[in-house]
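Understanding the architecture of this molecule
Okay, here's what each chain looks like letter by letter:
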Amino acid sequence: MESVHLISGSQPYVNEVVFDCGMLDDKKMVIKKICCIGAGYVGGPTCSVIALKCPEITVTVVDKSMDRIAQWNSDKLPIYEPGLDEVVRECRGRNLIFSTDIETAIKEADLIFISVNTPTKTFGNGKGRAADLKYVEGAARMIAEVATGNKIVVEKSTVPVRAAESILNILRANNRPGVSYQILSNPEFLAEGTAIDDLLKADRVLIGGEDTPEGHAAVEELCWVYEHWISRTNIITTNTWSSELSKLAANAFLAQRISSINSLSAVCEATGADISEVARAVGLDSRIGSKFLQASVGFGGSCFQKDILNLVYICECLNLPEVAAYWQQVIDMNEYQKSRFSTKVVESLFNTVSGKQITLLGFAFKKDTGDTRESPAIHVAKTLLDEGAKLHIYDPKVEPSQIVDDLTHPSVTEEPESVKNSITIHSDPYTATMGTHAIVLCTEWDEFMVLDYERIYKGMMKPAHIFDGRKILDHDRLIKIGFQVQTIGKRLARPLITRTWGSPYQA
Ligand SMILES: NC(=O)c1ccc[n+]([C@@H]2O[C@H](COP(=O)([O-])OP(=O)(O)OC[C@H]3O[C@@H](n4cnc5c(N)ncnc54)[C@H](O)[C@@H]3O)[C@@H](O)[C@H]2O)c1
Ligand SMILES: O=c1ccn([C@@H]2O[C@H](COP(=O)(O)OP(=O)(O)O[C@H]3O[C@H](CO)[C@@H](O)[C@H](O)[C@H]3O)[C@@H](O)[C@H]2O)c(=O)[nH]1
């Protein structure tokens, strides 16, 4: 039933282990209960889909946050994700449980996912770059304290290479009789806004494990879970370290494409080329492909920046400064893009936005999510607030309290009360634009493409400006309506720009 090929080398770093998990019904698997520690953007949707596809397995998702668990058990889930409500409604109370009783869930589980957050460290060694593994460590210590019997522990969180080794050290340190562990790496590749689809039709599932008979058996157990809905050919198995590194590599490649196209968007604006035309021409080369070539105000989200910074830090620790500098540039280019766009807004508004009313359309880091982590909208808002603007913000899914939290965070302002007095959060795009000088579009929500821009224009101060940071609007039509329009990677009808008072020039 199982075949194992050691392809090369004797070091754990270079061994590639290939398992044949065989057909689902050939197997006698023991996983009846799964526990997932961390009920966030990954733990919640992933376990909901496992519960949906594996009705014979009981899946318990636990979190130390009582609020979060209460929301998972309510009609208003803690995260917005298309298709998630339906899956949760079908499984919750059947074989999907959300609970704060972490100990019981760990004790009863055959397999435990660690799906906790791994943010960038904000202090100490590696500050601003290394991943903070305190939550992973906390979860591992909890397992070590309460586990009984044999457990398969699965790293679902994104972690540095060789993190599994540290987790195993914590788990095995207790050395209690009758307790044994296998640790697997099974990074998650879902993107927010498309999580359910990504989970149901994953391009691949990646499982890394120890190159021992027990390790192979554990890998096979997890293969079996996924084989309920993912074809065996799309489940790939590797050694643990390759699996951990592949997750960082995938995010680094994706972000690199965005920084590459964004760097060229600056060249387009300076030359008259159009970045959409360039992206299309480049992407039609089948070796390059068309995805992730959408120029934008910059990438956001909880993963890209954090994971690349982590990769940079690992390279520095491994004494590979050239490799570290190479990937750091992806982040630097993203910072440049966010600043370039924000500066363009200020310069185009006659180089002063002090006291001006400006609308931000969209605050989430991308459409179809309410998540604002590392959203470029925060950068734009900060620049405009620092320049004295009054902001009117509308986003269809972001909670108003989240916007206030983001903009009054100490990394954004030292004067939270003044910021609170400078922002108004609207529940409707038309009131958000009424009487303002400019619209800055930060998130590519579909509904922004079909707004009544004639109505909006009538209600705005003149000249009325639109800055399309996502390239989703019909610019020719907006110009015909009377707007001054600017976007990324394309020169439009020549708006009047004043870089310094008294020296107006045409962009
Ligand atoms: N968000 C994504 O789209 C995405 C996609 C792929 C991978 N990842 C990775 O998955 C991991 C989780 O990301 P997320 O976005 O779901 O994070 P999140 O912040 O939404 O959720 C993490 C949850 O873990 C809980 N938690 C932390 N320590 C705990 C403990 N000891 N016991 C119980 N609960 C605990 C927190 O309360 C929180 O609710 C990260 O490593 C991330 O890089 C995220
Ligand atoms: O052509 C593009 C594609 C994306 N973006 C932006 O890039 C950011 C990230 O987008 P996306 O990757 O779609 O969302 P995430 O939820 O951050 O997902 C990424 O990060 C996850 C966490 O690790 C991984 O699991 C996913 O595979 C990976 O796509 C967002 O701000 C997007 O607007 C662009 O600017 N241009």
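As the structure is a prediction and not an experimental result, all values here were calculated from the model.

What about unusual backbone geometry?
Going from Lys462 to Pro463, the amide bond is cis rather than trans, its omega being 0 degrees. For Phe350, which is not a glycine, the phi torsion comes out positive at approximately 65 degrees. Note on placement: Phe350 falls in the loop between helix 12 (321–348) and strand 11 (357–361). In this structure Phe350 comes out as partly exposed when scored by relative accessible area, which is 25%. Positive phi, close to 65 degrees, is recorded for Asn351, a residue that is not glycine. Inspection of the secondary structure puts Asn351 in the loop between helix 12 and strand 11.

Describing the environment of Leu184
Mapping Leu184 onto the fold places it in strand 8 (residues 180–185). For Leu184, a relative accessible area of 0% puts it in the buried group. Once you skip the residues sitting within four places of it in the chain, Leu184 turns out to touch Ile152, Val153, Val154, Glu155, Ile207, Gly208, Gly209, Gly215, Ala218, Val219 and Leu222.

Observations concerning the packing of helix 1 (residues 43–53) against helix 3 (residues 84–91)
Helix-helix packing is characterised by the crossing angle of the two axes and by the distance between the axes. Closest axis-to-axis distance for the helix 1/helix 3 pair is 9 Å, and the angle between their directions is 50 degrees. It follows that helix 1 is oblique to helix 3 by the angle criterion. Crossing angle aside, the handedness with which helix 1 passes helix 3 is left-handed. The segment helix 1 lies against helix 3, with Pro45, Ser48, Val49, Ala51 and Leu52 engaging Leu84, Val87, Val88, Glu90 and Cys91. Here the residues of the contact of helix 1 with helix 3 sort into eight nonpolar, one polar and one charged.

Reading the values: rules and limits
- Residues numbered from 1 in each chain as written.
- Chains lettered and ligands numbered in written order.
- Predicted model: local features only at pLDDT ≥ 70, side-chain atom pairs only at ≥ 80, totals over all residues.
- Heavy atoms only, no water.
- Helix = DSSP H or I, 4+ residues; strand = E, 2+ residues; numbered from the N terminus.
- Buried < 20%, exposed > 50% of the residue type's maximum accessible area, 1.4 Å probe, protein only.
- Contact = heavy atoms within 4.5 Å.
- Axes fitted to C-alpha atoms, helices over the stretch in contact; angles between N-to-C directions.
- Parallel < 35°, antiparallel > 145°, perpendicular 65-115°, else oblique.
- Left-handed = near helix turned anticlockwise from the far one by under 90°.
- Nonpolar A, V, L, I, M, F, W, Y, C, P; charged D, E, K, R; others polar.

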